[in-house]
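Understanding the architecture of this molecule
Each chain, written out:
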Amino acid sequence: MTLDKQWSWPYATFLASTISLCIVIDILQYSSVLSFLPQSLKDEGYQAHEISAVIGSYYWAGFLGGTCITSWQIRKVIAVEAEPLKWSHLKGHIVSLIVGLMCGAIALTIEGLWPAMHIHVVMRFVQGFLGAFLFFFAFFLSIELFQAKSLQQRIAITMSTMALHCAEVLGPFFGASIFI
């Protein structure tokens, strides 16, 4: 049985918006603190290389997560026989987004409650690794949740891409607004 992925426009807009919002929330969890975390660490007496380790751990973890997912997808293309898309597959992506966002929020809370250097490094690493999975699953949903090559699918992918870029730019702005 093939999935009927033709949605009414209000529902398609809702789906695309919630997928985009997942991306925005994840990026804001990371980038909002960038406006004050380095200065706060410097004020606490940490050296530049230690502060760089905190900030850089997010990016290295994201690279590691992206490499894991890419390797997994390449393995599926090469070694696994294609299966028809099922609702359980899409639900798995949705559950992964929810769990990833919750874990990111918990990591940010831990980082705020116990602001020690090693906590910052570990929590930034966790956020970066989870962020890679969130991006992949959000973009997978933008593709798989809508009819192939439909206007709804193109809009969902465009909204996800715009959400990524807007949140990346606005995150430090929001963080600075909160910090002031």
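Residues numbered from 1 in each chain as written. Predicted model: local features only at pLDDT ≥ 70, side-chain atom pairs only at ≥ 80, totals over all residues. Heavy atoms only, no water.

On to the overall build of the chain. Of regular secondary structure, the chain possesses six helices and zero strands. When the helices and strands of the chain are read in sequence order from the N terminus, they spell out α-α-α-α-α-α. C-alpha atoms of the chain, sized along the principal axes, occupy 60 × 40 × 20 Å. The 180 residues of the chain split such that 36% are buried. (Helix = DSSP H or I, 4+ residues; strand = E, 2+ residues; numbered from the N terminus. Buried < 20%, exposed > 50% of the residue type's maximum accessible area, 1.4 Å probe, protein only.)

This brings us to the side chain of Gln 153. Mapped onto the elements, Gln 153 comes out in helix H6 (residues 151-179). Here Gln 153 falls in the buried class, since its relative accessible area comes to 11%. With near-sequence residues (within four places) excluded, Gln 153 lies in contact with Ser 142, Ile 143, Phe 146, Gln 147 and Ala 148. (Contact = heavy atoms within 4.5 Å.)

This part takes up the pattern of salt bridges. In this structure the tally under the stated criterion is one salt bridge. One salt bridge in this structure joins Arg 124 and Glu 111, with 3.2 Å as the shortest N-O distance. With Arg 124 in helix H5 (residues 117-144) and Glu 111 in helix H4 (residues 87-113), this pair connects stretches of sequence that are 13 residues apart. Glu 111 gets classed as buried once you look at its relative accessible area, which sits at 5%. (Salt bridge = Lys/Arg side-chain N within 4 Å of Asp/Glu carboxyl O.)

Let's shift gears to the nonpolar core. Trp 7, Leu 97, Leu 141, Leu 145 and Phe 146 are the most contacted members of the largest nonpolar core, which has 22 residues in total. In terms of residues, this core owes the most to one element, helix H1 (residues 9-31), which gives seven residues. Leu 141 has contacts with Ile 19, Leu 90, His 93, Ile 94, Leu 97 and Phe 146, leaving out every residue within four places of it along the chain. Leu 37, Ile 51, Val 54 and Met 117 belong to the second-largest nonpolar core, a separate cluster that totals seven residues. (Core = buried A, V, L, I, M, F, W, Y, C linked by side-chain atoms within 4.5 Å.)

What follows deals with the environment of Cys 166. In this structure, Cys 166 sits in helix H6. With 51 residues separating them along the chain, Cys 166 and Pro 115 place their C-alpha atoms 28 Å apart.

Turning our attention to the packing of aromatic side chains. Counted according to the given criterion, the structure contains twelve aromatic pairs. With 5.8 Å between their ring centres and 55° between their planes, Phe 173 and Phe 174 make a pair best called tilted. Through a chain of ring-to-ring contacts, three or more aromatic side chains come together here, namely Phe 129, Phe 133, Phe 136, Phe 137 and Phe 140. (Phe/Tyr/Trp six-rings, centres within 6.5 Å; stacked < 30°, edge-to-face > 60°.)

Together, Val 169, Leu 170, Phe 173 and Phe 174 give the surface a local cluster of nonpolar side chains, amounting to about 390 Å² of exposed area. In this structure, Leu 170 sits in helix H6. (Patch = residues over 30% accessible without salt bridge, like charges linked within 9 Å, V, L, I, M, F, W, Y side chains within 5 Å. Areas by Shrake-Rupley, 256 points an atom, 1.4 Å probe, with all protein chains shown as cover.)

Between H1 and H6, the shortest axis-to-axis distance is 8 Å and the interhelical angle comes to 25°. Judged by the angle between their axes, H1 and H6 are roughly parallel. The interaxial crossing formed by H1 with H6 has right-handed handedness. (Axes fitted to C-alpha atoms, helices over the stretch in contact; angles between N-to-C directions. Parallel < 35°, antiparallel > 145°, perpendicular 65-115°, else oblique. Left-handed = near helix turned anticlockwise from the far one by under 90°.)

Relative orientation of the contacting elements H1 and H5 amounts to 165°, with a least axis distance of 9 Å. Here H5 runs roughly antiparallel to H1, going by the angle between their axes. Between H1 and H5 lies a crossing of left-handed hand. In contact with Ile 19, Ile 23, Asp 26, Ile 27, Gln 29 and Tyr 30 of H1, H5 contributes Arg 124, Gln 127, Gly 131, Leu 134, Phe 135, Ala 138, Phe 139, Leu 141 and Ser 142.

These figures come from the coordinates and say nothing about function on their own.
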